Every structure is written in structure tokens, then in C-alpha cells.
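Close look at the chain arrangement
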Amino acid sequence: MAEQLWKGRFSKAVDSRVNDFNSSIRFDQRMIAQDMRGSGVHAAMLAKQGIISEKDCEDILNGLASIADDLAAGRLEIDPNAEDVHTFVEQTLTARIGDAGKRLHTGRSRNDQVALDIRLTLRDYSHTLQAYIVELIKVICKKAGENTTAVMPGYTHLQRAQPITFGHALMAYASMLLRDLQRFEDATARMDAQCPLGSGALAGTTYPLDRQFTAEKLGFAAPCANSLDGVSDRDFCIELANAISICMMHLSRLSEEIILWCSWEFKFIELDDAFTTGSSIMPQKKNPDVTELIRGKTGRVYGDLNTLLVMMKGIPLAYNKDMQEDKEAIFDAVDTLELCLKTVTPMLDTMKTIPANMRRAAAKGFINATDCADYLTKKGMPFRDAYKLTGCMVSDCIAKDKTLEELHLTSRRGFSTVAEVKAHQETLAGQITALCQERADCARQLRWKEPPPGAAQRRAELNRQIAALRKEDAAAKRIIEKVEKTAACREEYRRQQERDKSRQKHRNKDRIR
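Residues numbered from 1 in each chain as written. Predicted model: local features only at pLDDT ≥ 70, side-chain atom pairs only at ≥ 80, totals over all residues. Heavy atoms only, no water.

**So, the overall build of the protein**
Of regular secondary structure, the protein possesses 18 helices and six strands. In terms of C-alpha radius of gyration, the protein reaches 39 Å, well past the compact-globule figure of 24 Å for 513 residues. Taken over the C-alpha atoms alone, the protein extends approximately 120 × 85 × 45 Å along its principal axes. Considering the protein as a whole, with its 513 residues, one finds that 42% of them fall into the buried category. Sequence separation of at least 24 residues holds for 75% of the intrachain contacts in the protein that already meet a minimum separation of 6. Roughly 27,900 Å² of accessible area belongs to the protein as shown, and the carbon and sulfur atoms make up 53% of that amount. (Helix = DSSP H or I, 4+ residues; strand = E, 2+ residues; numbered from the N terminus. Rg over C-alpha atoms; globule rule 2.2 N^0.38 Å. Buried < 20%, exposed > 50% of the residue type's maximum accessible area, 1.4 Å probe, protein only. Contact = heavy atoms within 4.5 Å. Areas by Shrake-Rupley, 256 points an atom, 1.4 Å probe, with all protein chains shown as cover.)

**Remarks on the nonpolar core**
The biggest cluster of nonpolar side chains holds 66 residues, and the ones touching the most others in it are Leu122, Ile244, Leu251, Trp261, Ile330 and Leu348. Broken down by secondary-structure element, the contributors of at least two residues to this core are helix 7 (110-146), helix 8 (166-191), helix 11 (235-261), helix 12 (289-312), helix 13 (325-349) and helix 14 (355-362). In terms of residue count, helix 11 provides more of this core than any other element does, 13 residues in total. Apart from the residues within four sequence positions on either side, Ile330 is in contact with Ile118, Leu122, Cys237, Leu240, Ala241, Ile244 and Leu308. Met45, Leu46, Ala47 and Leu93 belong to the second largest nonpolar core, which has 23 residues in total. (Core = buried A, V, L, I, M, F, W, Y, C linked by side-chain atoms within 4.5 Å.)

**Regarding the pattern of salt bridges**
Taken as a whole and judged by the stated rule, the model has 29 salt bridges. Among the salt bridges present, the one from Asp192 reaches Arg123, with a minimum N-O distance of 2.8 Å. With a gap of 69 residues between them, Asp192 in the loop between helix 8 and strand 3 (194-195) and Arg123 in helix 7 connect regions that are remote in the sequence. Note that Arg458 is salt-bridged to Glu438, the shortest N-O span being 2.8 Å. Of the two residues, Arg458 sits in helix 18 (residues 455-512) while Glu438 sits in helix 17 (residues 409-446), which places them 20 residues apart along the sequence. With relative accessibility at 30%, the residue Arg458 sits in the partly exposed group. Residues participating in the shared-partner salt-bridge network are Lys267, Glu270, Asp273 and Lys286. (Salt bridge = Lys/Arg side-chain N within 4 Å of Asp/Glu carboxyl O.)

**Side note on the packing of aromatic side chains**
As enumerated under the stated definition, the model contains five aromatic pairs in all. Note on Phe383 and Tyr387: the rings are 6.2 Å apart at their centroids and 50° apart in plane angle, and the pair reads as tilted. Here Phe383 and its partner Tyr387 are both found in helix 16 (residues 383-400), four residues apart, which amounts to about one turn of the helix. Among the aromatic side chains, those forming a connected cluster through ring pairs are Tyr155, Phe266 and Phe268. The positively charged end of Arg30 is found above the aromatic ring belonging to Phe331, 4.4 Å away from the centroid. Taking the ring centre of Tyr387 as reference, the NZ or CZ of Arg384 above it sits at 5.2 Å. (Phe/Tyr/Trp six-rings, centres within 6.5 Å; stacked < 30°, edge-to-face > 60°. Lys NZ or Arg CZ within 6 Å of the ring centre and 35° of its normal.)

**Observations regarding the pairing of strand 1 (residues 151-156)**
As paired elements, strand 1 and strand 2 (residues 159-165) share six bridges and run antiparallel to each other. When the sheet's bridge partners are listed, Met152 is paired in strand 2 with Ile164. Connecting strand 1 to the next strand, strand 2, in antiparallel fashion are two residues, including His157 with a positive phi near 60°. (Pairing = 2+ DSSP bridges.)

**Here we look at the packing of helix 11 against helix 12**
Here helix 11 crosses helix 12 at 160°, and the two axes come no closer than 8 Å. Our classification of the angle between helix 11 and helix 12 gives roughly antiparallel. Once helix 11 is placed against helix 12, the crossing between them reads as left-handed. Tallied by class, the residues present in the contact of helix 11 with helix 12 amount to 16 nonpolar, six polar and four charged. (Axes fitted to C-alpha atoms, helices over the stretch in contact; angles between N-to-C directions. Parallel < 35°, antiparallel > 145°, perpendicular 65-115°, else oblique. Left-handed = near helix turned anticlockwise from the far one by under 90°. Nonpolar A, V, L, I, M, F, W, Y, C, P; charged D, E, K, R; others polar.)

**Re helix 12**
For helix 12, built from 24 residues, the straight-helix expectation of 34 Å at 1.5 Å per residue is met to within 8% by its first-to-last C-alpha distance of 35 Å. Within helix 12 the residues assigned to the buried category are Val290, Thr291, Ile294, Thr298, Val301, Asp304, Leu305, Leu308, Met311 and Met312. The secondary structure elements touched by the buried residues of helix 12 are helix 10 (227-232), helix 11 and helix 13. (Expected span 1.5 Å × (residues − 1).)

**Examining unusual backbone geometry**
The peptide bond linking Leu317 to Ala318 adopts the cis configuration, its omega dihedral lying at 0°. With respect to the element layout, Ala318 can be found in the loop between helix 12 and helix 13. For Leu158, which is not glycine, the phi dihedral falls at a positive 60°. Looking at the element boundaries, Leu158 is found in the loop between strand 1 and strand 2. Phi is positive for Phe366, which is not a glycine, with a value near 55°. On the secondary structure map, Phe366 appears in the loop between helix 14 and helix 15 (369-378).

**Let's talk about the state of the cysteines**
Should the sulfur atoms of two cysteines be covalently bonded, the bond is a disulfide. According to the stated counting rule, one finds zero disulfides in the structure shown. Unpaired in this structure, Cys247 has its nearest cysteine sulfur neighbour in Cys340, at a distance of 9.1 Å. A disulfide-free cysteine, Cys436 has its sulfur positioned 12 Å from the sulfur of Cys442, the nearest such atom. Given a relative accessible area of 22%, Cys436 falls into the partly exposed group. (Disulfide = S-S within 2.5 Å.)

**Focus: the side chain of Asp28**
Within the secondary structure layout, Asp28 lies in helix 2 (residues 25-28). Of the side chains with opposite charge, Lys327 comes closest to the buried, unpaired Asp28, at an N-O distance of 6.0 Å. Polar side-chain contacts of Asp28 include one of 3.1 Å to the backbone nitrogen of Val85. The residues touching Asp28, leaving out its near neighbours within four places in the chain, are Asp84, Val85 and Lys327. (Lys, Arg positive; Asp, Glu negative; His and termini not counted. Polar contact = N/O pair within 3.5 Å; in protein donor to acceptor, adjacent residues only side chain to side chain.)

**Focus: the environment of Leu46**
Along the chain, Leu46 turns up in helix 3 (residues 32-48). Using a relative accessible area of 0% as the deciding quantity, one classes Leu46 as buried. Spatially, the C-alpha atom of Leu46 lies 9.5 Å from that of Arg103, the residues being 57 residues apart in sequence. In this structure Leu46 touches Ile51, Ile52, Arg103, Leu104, Thr106 and Leu209, once residues within four positions along its chain are discounted.

This is the structure in C-alpha cells:
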């Protein structure tokens, strides 16, 4: 185990089991680039303020650069026995440049150091994830553009509901992912709002630090307003984990759709062989394992978010060791989403659609029933009447094993008569009202001392027209009554048949007993 930075207070070595339990190097080493960046800016600020010499600052910056170069070239490996990444960097730096390395930590605590490192790391990760989401949106939009005429059933309650296009269905997920982008941007903006460096362990420091300088150099809007909050805030981890969880939820929903669409029960799409797997015993199988894993990993990411929330819920101010658990949870969430995005994007890009199967499915399930009801409503029938009438038509189609499109005109006449006649009645009513108004005008003219020529003849003609229209209206009423009576009789006959079947069923049970 490498030497601890805090060993001066203790009279004996820490138990090796505690060292293993306490160590975080195995997961926080991924922050090494951000740690050295923060250290470089901190050293520059110390020199600017005259807290360390320019020569020490130059040595520190050169030393940090040499560590970065050696790590990139493979000449240096991170010591797994170091307590954490901060210890590794400081001790490696001190071994290379001597006492100047020991001055780097002046005016700084590991508490504000780690708070800075994880912000910088998650900022970079957020930008990376946003780029992957944009690529996925582009692929979805491309696929949607290729399928603007591929008609398929839209579903509610997983029941066929109304006709849509496959492109429209895909663009719903593009909309979800666009909201995800906004959430990542919002979370990152709050992450960048305040720089914790300079907060010290919890109460700042007696050194004349220039916190505004370090905040600006590191890309933050301002220093943290409160040092206690600066070292103990992990809201940004929780917010990013929340954005990741919601994005995973959207990917999981899309994955469920794909699992259904590529099954033989739907067969709307065909996944490329490169993104499917087989069965060890069933040679015909082609399994959508990628989407199933995304669906499963979503629960894992929810667990990461819950870990962060539970970790923080009972912690008093300021920093507590519980917070070391933040990194494994948020890093796992980041890694999981990145892996899912990198895999699902090319899978969708190579996916083939089968529009003929979509169209066949759209022809079933009476998904144009709402359009039928709307058509009748536009013809003058109240919507609720149109709704009920269309339902009767659907019921008749089911009994005859037909679709609404296949229902012959003569078969529809019994259903459409009521709608058409009621619409015609409204037209007749308007015509009668207009003719009655004109007849009243003629009657007034005939009371004049010198009536206009032809007024009497015009009134007589209007009387004949009104009488004819009223006769037609009366005939329409009789048609409606007849159709509705017939429908009522059919319904009563159907109910009687159901009652007879029920009685017969009970009789059969009695005989068996």
C-alpha cells in the first residue's frame, strides 16, 4: 500500500483490510486527467497570488505534463496500491520534482479536490453522451423519412387503435430523445454553475486564493457561494443519473417495440444478423438480445440513481465518507447508457422494414372505425350517435369476418340510412325555414294597396314547395323509426339467443350431475 497523505496523526499502521476497504483507486483513477487539470490551474493560481514561487509552479506544470505523457505512452501505470487517484498523482509528482510537488496541495483539501474532479469528469461524460444521443436521433429520423408511407396500426393498451405510419411511430422516440438532450444540457449547465475549488475541507482557507480565477480557467460560471455546500453537494450527480435513467427508460420502451415488431406475431421489421443471436438448441431462433439487454440494464441504471439518492438522504454537513460511493454509481450509469447508445444506433441503422406486413395488420382490427364515425359526424350526425352506429357496423363485420373496407354498400345501407336520412332532415329543415320566410314576405306584399305583379302566384308556388318538403321530412322520420325499430328487434333477438344458450348450458350441467 502506498503511503497515505494523512498518516502523521497516527501511531500505528492502518490494518490492511481497512486499506482495501477504504481505497477508491480502482474506480476513481478514471478521473486522473481531470485531477491533473484541476491541479495545474490550482498551481497557477497559487503562483499568481504569490503563495508559491513561479519556479515551483513551472516545475509542477512540467511534472504534471510528464505524468500525462508517460501514462499515454504506457511508460507509467497507475499504482493499484495507492489510496486514491489524488494520492497517486501527488506522490508521483513529488517523486519527479521534489519539494515543489509537496506545495501543490497548499490551500486545498481532498474534499474540494474530489468535488472538482467529479464535476469536470461528469461534464466531459455528459458531452459524450449527448453526442451519442444526437447520432441516434439522426438514424431514427433517417429511418422515419424512409417510411413515411408505410401504414401500420397505432396501438393503445396494445390493441389496434388507429392507422399511423411507421415513420410517425419512430419520430415519437426522436421527440423523447430530444427531451433527453435538454435534460442533459440542463444538468450540465447547473454542474458548470459553481466551482468548488477553494472551499477547502469545509470552511475555506486562510490563504488569499483567487477563486474567480480558478473558476474561469476551469470553465465554471462562478465559485461556489457556500463552502459547506461546495464540498458536500452531489446534486449534479443525482441530476445526471436522473437524466440517464429517463433516457434509458426511453431506450427500453423503444427496445420493447422492436422486440414486438420483429416477432413472428408482428413481423414489421427484420433485424440484421450482426445484431441478433441464436439459440443453443433451437436452430430457427433469431433473438433480439441487444434490445432485451437494454430493457434489463434500465433497471440497473435505476438502481444507480437510487443508490445516490439513498446515499445522500441522511448525511449531515459537510463531507462524509459515504460520498465516496457516488462514483461507482454514477460511472456505472454513464457507462451503461454509453454502451446501449453505441449498440442500438447501428442496430436501428441496419434494420429492415416490411411495409407489406404493416399494411396487412392495418387492414385488421377496425382501426379506421374512428374515421368512419368522424365521417358520419361531418354528415350531420351527432358524434355519440355516429360512435354507436359505427360500433354496430364493427360488430356486424366481426360476425361476418369482414373488415369495414370489405363491407359491401348494400350491407352498409342499413347502418348508413339513419345517418344519411338525419343529415338530409337537417337540410330539409333549412330549406323549409328559408321558404317560409319568403312566403311571409309575399303575404306582406299582398296586403299593400298595389301588390307587386305575380306575388299571389309566387305565394301559391311556395305553399306547394313547403308542403312537398314537409311530406319528404315526414317520410324521412318514418324511415328512421323503421330502421331503429329493426335494429332494436335485432338486438332483442340477439339477447334472446344468449338467454336461450345460457339456459341450455345450465340444463346440460344439471343432466351431468
